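Spelled out, the chains give:
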Amino acid sequence: MPNFYGICKVLTFCIFDFMKFAMKRKIIITDDGSSSIYLPELDEIYHSKHGAIQEAYHVFIQHGLDLFDDASEINILEIGFGTGLNCLITFLEAKKRNLIINYDGVEAYPLKAEEISQLNYKQQLNIQNESKVFEKIHIVSWNEKQIIASDFLLIKRKQFIESIDDKNKFDLIYFDAFGAEVQPELWTELIFKKMYDSLKNKGILVTYSAKGSVRRAMQSAGLLVERLPGPPGKREMLRGVKHSIGDQMIIKE
Ligand SMILES: C[S@@+](CC[C@H](N)C(=O)[O-])C[C@H]1O[C@@H](n2cnc3c(N)ncnc32)[C@H](O)[C@@H]1O
């Protein structure tokens, strides 16, 4: 039975955590013209200030999804669903490639409808044919598998990243949490071990981070890690692959 002090501590943590990420959010425009969200109290942006769309394509599509050119169906896990930008561009890319995607987006602090309506991704991506998709991604309910299109199934999982316990399920993880300075607890060996466990063998994890401590945490969790050129404004980023003992580095480039 938790005591009074324990309950107060947990409650204080939850309230503080909620205040940190859900209270003051400001829509901003990044250098490529696409919108993002700024958290004034933490001085943290959801994307690169040099360009939200530019960063998303570079990190998650070019260095992630592009490795699955030969696949017909893949499972993707997004860590930090946020604006849904990564989900939207993955949907658009899957269409071009004839790829079936099962997309799980984990998010503890969903955006409000009035925030989503101010994001300019549809205009910036110039998507007339798929203009309703972005709304659909956000309107569908949480915690249930939803058919966005016959080749794109989405489940938005309202949960804490810390509680993920999937096993051997995903081909690709978009690791897009807030930076390690803001949320050091999410860039640890413990969390990357969860990511490792949730990946299939030879599954890939991509992240915009290039920090040495992050690379070491990924390696300690068992991932084979390489540094890659980062998006504009950032020298490097990281990519890891789940490998069996004895495997060679199997990623191209
Ligand atoms: C850097 S933003 C990335 C957002 C998203 N990928 C996008 O393109 O908009 C990080 C996201 O992680 C969410 N988040 C922060 N801490 C979390 C936690 N402990 N569990 C689940 N989501 C969390 C935030 O609410 C935010 O949406």
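The structure this text deals with has already been given above.
For every chain, the first residue of its written sequence is number 1, and the numbers climb from 1 along that sequence. Residue-level local features of this predicted model are given only where pLDDT is at least 70; pairs of side-chain atoms are given and counted only at 80 or more, and the full residue set underlies all totals for whole chains, interfaces and linings.

Caption draft 1: Region of interest: helix α2 (residues 52–62). Counts of 20 or more other C-beta atoms within 10 Å of a residue's own C-beta define buried residues, counts of 12 or fewer define exposed ones, and intermediate counts define partly exposed ones; C-beta atoms are placed from the backbone. Secondary structure follows DSSP: runs of H or I at least 4 residues long count as helices, runs of E at least 2 residues long count as strands, and numbering of each begins at the N terminus. With 8 of its 11 residues buried, α2 lies for the most part within the structure. Those residues of α2 not exposed but buried are A52, I53, E55, A56, Y57, H58, V59 and F60. In the core, the buried residues of α2 are packed alongside β2 (35–39), α3 (85–97), α5 (121–125), β8 (170–175), β9 (199–207) and β11 (236–242). Here, residues touch in the contact sense if the C-beta positions derived from the backbone fall within 7 Å of one another.

Caption draft 2: The sheet that holds β9, seen in detail. For two strands to pair, DSSP has to find at least two bridges joining them. Taken in spatial order, the 8 strands of this open sheet run β6-β7-β5-β4-β8-β9-β11-β10, and their pairing is mixed. In the strand order of this sheet, the two ends are held by β6 (146–149) and β10 (223–229), each with one partner. Across the sheet, the axes of successive neighbouring strands diverge by a mean angle of 20 degrees, strand direction being ignored. Here strand β4 (residues 73–79) pairs with β8 via 4 bridges, running parallel. Directly across from I76, in β8, lies its bridge partner L172. The axes are straight lines fitted to the C-alpha atoms, using for helices just the contacting stretch, and the angles between their N-to-C directions are given from 0 to 180°.

Caption draft 3: Focus on the pairing of strand β1 (residues 26–29). Bridge count between β1 and β2: 4 bridges; the pairing is antiparallel. Looking across to β2, one finds that I29 is bridged to S35. Connecting β1 to the next strand, β2, in antiparallel fashion are 5 residues, including G33 with a positive phi near 95 degrees.

Caption draft 4: Up close: the site of the ligand. The criterion for a residue being near a molecule or strand is a backbone-placed C-beta atom within 6 Å of that molecule or strand. Close to the ligand lie 19 residues, the nearest being G80, G82, T83, A108 and D176. Of all the elements in the fold, those that place two or more residues in the shell around the ligand are α3 and β5 (100–107). Looking at side-chain class alone, the shell around the ligand contains 11 nonpolar, 5 polar and 3 charged residues. Each residue receives one of three labels: charged for Asp, Glu, Lys and Arg, nonpolar for Ala, Val, Leu, Ile, Met, Phe, Trp, Tyr, Cys and Pro, and polar for the others, Gly being one of them.

Caption draft 5: Structural detail: the sheet that holds β2. A sheet is described by the order of its strands in space; here 3 strands give the open sequence β1-β2-β3, paired in antiparallel fashion. Each edge of the sheet is formed by a strand with only one pairing partner; in this case those strands are β1 and β3 (44–45). As paired elements, β2 and β3 share 2 bridges and run antiparallel to each other. Within the sheet, the bridge partner assigned to L39 lies in β3 and is E44.

Caption draft 6: Here's a closer look at unusual backbone geometry. Phi is positive for N143, close to 65 degrees, though the residue is something other than glycine. Locating N143 in the fold gives a position in the loop between α6 (133–139) and β6. Even without a glycine there, the phi angle at N168 is positive, about 45 degrees. Along the chain, N168 falls in the loop between β7 (152–158) and β8. Among the residues examined, N168 registers 11 C-beta atoms within 10 Å and is labelled exposed.

Caption draft 7: Up close: the nonpolar core. A set of buried residues qualifies as a nonpolar core if it consists of Ala, Val, Leu, Ile, Met, Phe, Trp, Tyr and Cys joined through C-beta atoms within 7 Å. Judged by nonpolar contacts, the single largest core of 49 residues is most densely connected at I76, I173, F192, M195 and L205. Per-element tally for this core: the top contributor is α2, with 6 residues. Those residues in contact with I173 that sit more than four places away from it in its chain are L77, I79, M195, L199 and L205.

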